[in-house]
Amino acid sequence: MVGETGGKDFIVAHRSADVDALRTAIVRGAFEYQGQKCSAASRVYVPESMWSELRGPLIENTEGLAMGDPTDFSTFVGAVIDRHAYDKIKGYIDRAGASDDAEIIAGGACDDSKGYFIRPTIILARDAAYESMREEIFGPVVTLYVYPDDAWSDTLKRVDSTSPYALTGAVFATDRRAIREALDTLRNSAGNFYINDKPTGAVVGQQPFGGARASGTNDKAGSPLNLLRWVSARSIKETFVPPTDYRYPYMEGK
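The rules behind the values
- Residues numbered from 1 in each chain as written.
- Predicted model: local features only at pLDDT ≥ 70, side-chain atom pairs only at ≥ 80, totals over all residues.
- Heavy atoms only, no water.
- Buried < 20%, exposed > 50% of the residue type's maximum accessible area, 1.4 Å probe, protein only.
- Helix = DSSP H or I, 4+ residues; strand = E, 2+ residues; numbered from the N terminus.
- Arc of directions from axis to C-beta.
- Contact = heavy atoms within 4.5 Å.
- Pairing = 2+ DSSP bridges.
- Axes fitted to C-alpha atoms, helices over the stretch in contact; angles between N-to-C directions.
- Parallel < 35°, antiparallel > 145°, perpendicular 65-115°, else oblique.
- Left-handed = near helix turned anticlockwise from the far one by under 90°.
- Nonpolar A, V, L, I, M, F, W, Y, C, P; charged D, E, K, R; others polar.

Asker: Looking at this model, I keep getting lost on helix α5 (residues 152-162). Mind explaining?
Answerer: Each full turn of the α-helix corresponds to 3.6 residues, which orients residues three or four apart in the same direction. When α5 is considered as a whole, its buried residues turn out to be Trp152, Thr155, Leu156, Val159 and Thr162. Angularly, the buried residues of α5 cover 140° about the axis, an arc narrow enough to put them on a single face. Seen from the open side of α5, the exposed residues pointing more than 90 degrees away from its buried face are Asp154, Lys157 and Ser161. On its buried face, α5 is in contact with β1 (9-13), β2 (41-47), α4 (131-134), β7 (141-147), β9 (168-172) and α6 (176-185).

This is the structure in structure tokens:
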């Protein structure tokens, strides 16, 4: 059996990260294809020292994304796929707007008068275990949590334990020690792990793709490794000089 299911894909930023690169990765990673892809960035962890610099430009970029007909190449975000998706995604947004543990800081508007349009939405979670930090939404919604700078190691452990999925994830840092620690701590958190890049965009045949845990059987489509999943292994032994007596030489005694 082979399988790939969903993801609750993360971006975790260290205080040494490039703020502009991080902002671009969040916007592209979360909102391309309306967030309707298994690898879309869905939860983001940002250090306190960076948040004041990131917040304004991130909101401005998000609010400025063009929505409309996807055949118009100036459009960045189209409609979500159907009524079921629209209702599900809107439910997360509505609950966040009414929650004491979360705040909508960008987007949040929904319109189903013609098609199923949802503005790209950023939720700021006060609780790192808030539902939209844990559950797959599959839409243009990303939830962000701000952590204390000195809690880097604990935050990595939180990233690992918050979601049952393990499809894609990204770390943003220029400190190589921080990157090394993230690689070690998050080794089982993402089948496709990105360093200073958005956690989306794997090209079949160039970057093998797949995740484990609740994300599937990590078959790495796009690589020779995947072929092993589709065969049944058989070992063959042929003996040219078979024994003709059950007794072993050591049984003959002295």
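Asker: Looking at this model, I keep getting lost on the sheet that holds strand β6 (residues 121-125). Mind explaining?
Answerer: Sheet strands pair by backbone hydrogen bonding; their relative direction is either parallel or antiparallel. Spatially, seven strands are ordered β3-β6-β7-β2-β1-β9-β10 in an open sheet, and the strand pairing comes out mixed. In the strand order of this sheet, the two ends are held by β3 (102-106) and β10 (192-195), each with one partner. Averaged over neighbouring strand pairs, the angle between their axes works out to 20° when direction is ignored. With four bridges joining them, β1 and β9 adopt parallel strand pairing. Bridge assignment links Val12 to a residue of β9, and that residue is Val171.

Asker: Explain the packing of α5 against α6 to me, please; I cannot follow it from the model alone.
Answerer: Axes are the key here: two packed helices are described by the angle between their axes and the distance separating the axes. Packing of α5 against α6 brings their axes to within 10 Å, and their N-to-C directions diverge by 30°. Taken together, the axes of α5 and α6 lie roughly parallel to each other. When the axes of α5 and α6 are compared, the crossing they make is right-handed. Contacts between α5 and α6 involve Trp152, Ser153, Leu156, Lys157 and Asp160 on the former and, on the latter, Ala178, Glu181, Ala182 and Thr185. The residue makeup of the contact of α5 with α6, split by class, is four nonpolar, two polar and three charged.

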